[in-house]
Amino acid sequence: MTSGITPAFDGTAGVDLAGRTAMVTGAGSGIGRACAAALAAAGARVHVVDIDARAAAAVAEQIGGAPHVVDLARGGLVEGLPADVDILVNNAGLQHVAPLTEFPPDRFELIQKVMVHAPFLLLRRTMPHMRERGWGRIVNISSVHGLRASAFKAGYVTAKHALEGLSKVAALEGAPHGITSNCVSPGYVRTPLVERQIAAQAAAHGIDAGQVVGEVMLSRSAVKRLIEPEEVAAVAVWLCGPHAGYLTGASIPLDGGWTAA
């Protein structure tokens, strides 16, 4: 299953972010890494936030950004992150798959801390700067699971639905100050998190990885391939361009037609 993305694709779509400062959480790999790279390619200075020190440092070195090693589940540590940010990409996340009645409460709580509470704290921290500048872009990496539910993903589905609501509140409060807030809601993206899910489901069902992708993960998607992280990043950068200033409070379903059915 090829991506259809050309080698020269950088996701900037002609957007000029020179002079802007961005912060991307979970930027050490996957979607976050792609967003950090695309924002830097568009000219922004990027704060690379991740729990993995080595990954954060590697990405920051690659794009000329600044690494920050933070466990977002520990809310107090958010106060140590920069506040003078023009573009905030809330991307960090984690997954746990189990029946609701067997879902570990501590795991459910951890998912909410990282994927809802931390974005809330980051919005409180960065929006005052955006208001002062009269310009800001908030991009929340949601999921098709912020719009639809799947069984056995109580923690993730709950968090993504909450992130969608938080994004809309930020959109309403930010609008008078030139701040937009939107969600990008992809289906299954080719990330380490999804690769681990593929391996786990293949082992659980006794089938190969290709069958997991085609018959299980993509069963509700009209486009039968995984999304590449760079495709999500391209939409994130597009939302930061001057042409998207009237687009706020929205959720863009980058899901291959999943929610169209």
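Nothing here was measured: the structure is a model prediction, and the numbers come from that model. (Residues numbered from 1 in each chain as written. Predicted model: local features only at pLDDT ≥ 70, side-chain atom pairs only at ≥ 80, totals over all residues. Heavy atoms only, no water.)

Participant: Would you take a moment to explain the sheet that holds strand β7 (residues 251-254) for this structure?
Facilitator: Strand order in the open sheet made by the seven strands is β3-β2-β1-β4-β5-β6-β7, with parallel pairing throughout. The outermost strands of the open sheet, each flanked by one partner alone, are β3 (66-69) and β7. With strand direction ignored, the average angle separating the axes of adjacent strands in the sheet is 15°. Two strands pair when backbone bridges link them, and strand β1 (residues 21-25) and strand β4 (residues 87-90) are joined in this way by three bridges, in the parallel orientation. Residue pairing in the sheet places valine 24 in a bridge with valine 89 of β4. Contacts between helix α4 (residues 154-174) and the sheet are confined to β5 (136-141), β6 (179-186) and β7, with β6 contributing the most and set at about 160° to the helix. (Pairing = 2+ DSSP bridges. Helix = DSSP H or I, 4+ residues; strand = E, 2+ residues; numbered from the N terminus. Axes fitted to C-alpha atoms, helices over the stretch in contact; angles between N-to-C directions. Contact = heavy atoms within 4.5 Å.)

Participant: Got a minute to help me understand the pairing of β5 in this structure?
Facilitator: Two faces, one strand: in a regular strand the side chains alternate between the faces of the sheet. By the criterion of burial, β5 is predominantly enclosed, with six of the six residues buried. Burial along β5 is two-sided: the residues Gly136, Ile138 and Asn140 and Arg137, Val139 and Ile141 are all buried. The handedness of the β4 to β5 crossover, carried by helix α3 (residues 105-133), is right-handed. The pairing of β5 with β6 spans six bridges and is classified as parallel. Within the sheet, the bridge partner assigned to asparagine 140 lies in β6 and is cysteine 183. Regarding the hand of the β-α-β motif, the stretch spanning β5, α4 and β6 is right-handed. (Buried < 20%, exposed > 50% of the residue type's maximum accessible area, 1.4 Å probe, protein only. Right-handed = clockwise from strand over helix to strand, strands pointing away.)

Participant: I tried to follow the side chain of asparagine 90 on my own but got confused; where do I start?
Facilitator: With respect to the helices and strands, asparagine 90 occurs in strand β4. A relative accessible area of 4% places asparagine 90 in the buried class. A distance of 2.9 Å separates the side chain of asparagine 90 from the side chain of asparagine 140, its partner in a polar contact. Once you skip the residues sitting within four places of it in the chain, asparagine 90 turns out to touch Thr25, Pro119, Leu122, Leu123, Ile138, Val139, Asn140 and Ile141. (Polar contact = N/O pair within 3.5 Å; in protein donor to acceptor, adjacent residues only side chain to side chain.)

Participant: Sorry, what's going on with the packing of α3 against α4 here?
Facilitator: Between two packed helices, the angle of one axis relative to the other and the distance separating the axes together describe the packing. Look at α3 against α4: their axes get within 8 Å of each other, and the N-to-C directions meet at 15°. Taken as axis vectors, α3 and α4 run roughly parallel relative to one another. As α3 runs across α4, the sense of the crossing is right-handed. Taking contact as the criterion, the partners of Phe108, Ile111, Gln112, Met115, Val116, Pro119, Phe120, Leu123 and Met127 in α3 are, on α4, Ala154, Gly155, Tyr156, Thr158, Ala159, Lys160, Ala162, Leu163, Leu166, Ala170 and Gly174. Grouping the amino acids of the contact of α3 with α4 by side-chain chemistry returns 15 nonpolar, four polar and one charged. (Parallel < 35°, antiparallel > 145°, perpendicular 65-115°, else oblique. Left-handed = near helix turned anticlockwise from the far one by under 90°. Nonpolar A, V, L, I, M, F, W, Y, C, P; charged D, E, K, R; others polar.)

Participant: How should unusual backbone geometry be read in this particular structure?
Facilitator: Glycine aside, the phi torsion of most residues is negative, and most peptide linkages are trans. Of note, phenylalanine 152 is a non-glycine position whose phi angle comes to about 75°, a positive value. Within the element layout of this structure, phenylalanine 152 appears in the loop between β5 and α4.

Participant: Got a minute to help me understand the pairing of strand β2 (residues 45-50) in this structure?
Facilitator: In terms of residue burial, β2 counts as a mostly covered element, since five of its six residues are buried. The pairing of β1 with β2 spans five bridges and is classified as parallel. Looking across to β2, one finds that alanine 22 is bridged to valine 46. Read as a crossover between parallel neighbours, the route from β1 over helix α1 (residues 30-41) to β2 is right-handed. Pairing between β2 and β3: four bridges, direction parallel.

Participant: Is there a simple way to explain the nonpolar core in this structure?
Facilitator: Soluble globular proteins tend to pack their nonpolar side chains together in the buried interior. Core analysis: the biggest nonpolar cluster contains 35 residues, and Leu39 and Val46 have the highest contact counts within it. Of all the secondary-structure elements, those providing two or more residues to this core are β1, α1, β2, α2 (53-63), β4, β5 and α7 (229-238). At seven residues, α1 tops the list of elements feeding residues into this core. Discounting chain neighbours no more than four positions away, the residues touching valine 46 are Ala22, Val24, Ala36, Leu39, Ala40, Ile63, Gly65 and Ala66. (Core = buried A, V, L, I, M, F, W, Y, C linked by side-chain atoms within 4.5 Å.)

Participant: Is there a simple way to explain the packing of aromatic side chains in this structure?
Facilitator: Geometry of an aromatic ring pair is reported as the spacing of the ring centres plus the angle between the planes. Tallied over the entire structure, the rule returns two aromatic pairs. Ring centres of phenylalanine 103 and phenylalanine 108 lie 6.2 Å apart, and the angle between their planes is 85°; this geometry places the pair in the edge-to-face category. One residue, arginine 20, lies across the ring of tryptophan 135, its end atom 3.7 Å from the ring centre. (Phe/Tyr/Trp six-rings, centres within 6.5 Å; stacked < 30°, edge-to-face > 60°. Lys NZ or Arg CZ within 6 Å of the ring centre and 35° of its normal.)

In short, shape yes, function no, at least from these values alone.
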